[in-house]
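Chain residues, written in single-letter form:
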Amino acid sequence: MTDSPVTRATLLMRLRDANDYEAWEDFLRDYGPMLYRFVRSRGLQDADAADIVQDVFRRVGMAIGKLEYDKEKGGFRAWLFTITRNRLYTYFEKQKKTAGNTANDTAQLELLSQAADERNELAEQWELEHLRSLAASAMSRVEENSDPKTWSAFRITAVEGRSAAEAAEELSMTTGAIYVAKSRVTARLRAEIKKLQQEEGDLA
């Protein structure tokens, strides 16, 4: 099971060794989906988004050895955001020159031209994808360490949005037990997300 997508100091240090294939596999698995969703949110087609994500990873590999962690500058996640943002800017600038200037290209270039630390739609989308990744990791961890029936009670009511009565019937539990299971899993998820955020620590 992965600790993804949190920025783990040990993983980042291992990435400095280009031959540490296990670390790179973990990194790709942890950050790939987040990066892909973020790039796609800018209106890119699947193949173009995949190319940019691949390019971002390549540039991370080239520069990770020189990365100096500085909490005040935002740490690793901010650094990754800057790389991704620059790749997107290059993509839209090329589109403008070769394929004409669409309304989306113009809007994206304008957005990408704004200061990296400026709170805007781009930064909000980046943060949203990060939070989604944290939630997915937390759910994976909690599910793995939960009683299957307890997790199913949570999944049916909280994820699928079905009633406690339906869950009780399906799982042969009382309605009260369903509420208790849902409440316990919810509390554990909150705690796990908090733990993941703490693991990001000074590097996030």
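In this text, all values refer to a predicted model and were calculated from it rather than measured experimentally.

What counts and what doesn't
Residues numbered from 1 in each chain as written. Predicted model: local features only at pLDDT ≥ 70, side-chain atom pairs only at ≥ 80, totals over all residues. Heavy atoms only, no water. Axes fitted to C-alpha atoms, helices over the stretch in contact; angles between N-to-C directions. Helix = DSSP H or I, 4+ residues; strand = E, 2+ residues; numbered from the N terminus. Contact = heavy atoms within 4.5 Å. Nonpolar A, V, L, I, M, F, W, Y, C, P; charged D, E, K, R; others polar. Buried < 20%, exposed > 50% of the residue type's maximum accessible area, 1.4 Å probe, protein only. Arc of directions from axis to C-beta. Salt bridge = Lys/Arg side-chain N within 4 Å of Asp/Glu carboxyl O. Core = buried A, V, L, I, M, F, W, Y, C linked by side-chain atoms within 4.5 Å. Left-handed = near helix turned anticlockwise from the far one by under 90°. Phe/Tyr/Trp six-rings, centres within 6.5 Å; stacked < 30°, edge-to-face > 60°.

A.B. asks: I'm lost on the packing of helix α6 (residues 121-144) against helix α7 (residues 148-159) in this one. Help?
C.D. replies: When two helices pack together, their arrangement is given by the angle between their axes and by how far apart the axes lie. Taken N-terminus to C-terminus, the directions of α6 and α7 make an angle of 145 degrees; their axes are 10 Å apart at the nearest point. Of the residues in α7, those touching α6 at Met139, Val142 and Glu143 are Trp151, Phe154 and Val159. In terms of residue class, the contact of α6 with α7 is built from 5 nonpolar, no polar and 1 charged.

A.B. asks: It is not clear to me how helix α8 (residues 164-171) should be interpreted in this structure. Could you clarify?
C.D. replies: In an α-helix, one turn spans 3.6 residues; hence positions three or four apart end up facing the same way. The set of residues buried in α8 consists of Ala164, Ala167, Ala168 and Leu171. Seen end-on, α8 carries its buried residues on one side only, within an arc spanning 100 degrees. The first or second residue beyond α8 is Ser172, which carries a positive phi of 55 degrees.

A.B. asks: So what exactly am I meant to see when it comes to the pattern of salt bridges here?
C.D. replies: Between side chains of opposite charge, a pair can form as their charged atoms come close. Using the criterion set out here, one finds 14 salt bridges in the structure. Measuring nitrogen to oxygen at the nearest pair gives 2.8 Å for the salt bridge that ties Glu160 to Arg162. On the basis of relative accessibility, which here comes to 37%, the residue Glu160 falls in the partly exposed class. Among the residues examined, Arg162 registers a relative accessible area of 28% and is labelled partly exposed. Salt bridges sharing common partners tie together Asp55, Arg58, Arg59 and Arg87.

A.B. asks: Just to check I follow, could you spell out the nonpolar core for this structure?
C.D. replies: Across soluble globular proteins, nonpolar side chains have a tendency to be buried as a group. Phe27, Val60 and Phe76 are the most contacted members of the largest nonpolar core, which has 33 residues in total. At the level of secondary structure, the elements contributing two or more residues to this core comprise α1 (9-14), α2 (21-40), α3 (46-63), α4 (75-98), α5 (103-113) and α6. Each residue touching Phe27, except ones within four places of it in the same chain, is listed here: Leu11, Leu12, Leu15, Gly32, Phe57, Val60 and Phe76.

A.B. asks: Just checking my understanding: could you explain the packing of α7 against α8 for this structure?
C.D. replies: It is at 9 Å that the axes of α7 and α8 come closest, and there the two elements cross at 145 degrees. Like other packed secondary-structure pairs, α7 and α8 cross with a definite hand, here right-handed. Here α7 contributes Lys149, Ser152, Ala153, Ile156 and Thr157 to the contact with α8, which in turn contributes Ala164, Ala167, Glu170 and Leu171.

A.B. asks: Where do I start with the packing of aromatic side chains in this structure?
C.D. replies: Aromatic rings in a pair are described by how distant their centres are and how their planes are angled relative to each other. Applying the stated criterion across every chain, the model contains 11 aromatic pairs. Relative to Trp126, the ring of Phe38 has its centre 5.0 Å away and its plane inclined at 85 degrees; by these criteria the two rings are edge-to-face. Residue Phe38 is found in helix α2, and its partner Trp126 is found in helix α6; the two are separated by 88 residues along the sequence. For the pair Phe38 and Trp126, a shared accessibility class is recorded, and that class is buried. For the ring pair Phe81 and Trp126, a centre distance of 5.0 Å and an interplane angle of 35 degrees mean the geometry is tilted. One end of the pair, Phe81, is in helix α4; the other, Trp126, is in helix α6, and 45 residues separate them in sequence. According to the relative accessible area criterion, Phe81 is buried, its value standing at 7%. Look at Trp126 and you get buried, because its relative accessible area is 4%. Three or more aromatic residues joined by ring pairs make a cluster, and in this case those are Trp24, Phe27, Tyr31, Phe57, Phe76 and Trp79.

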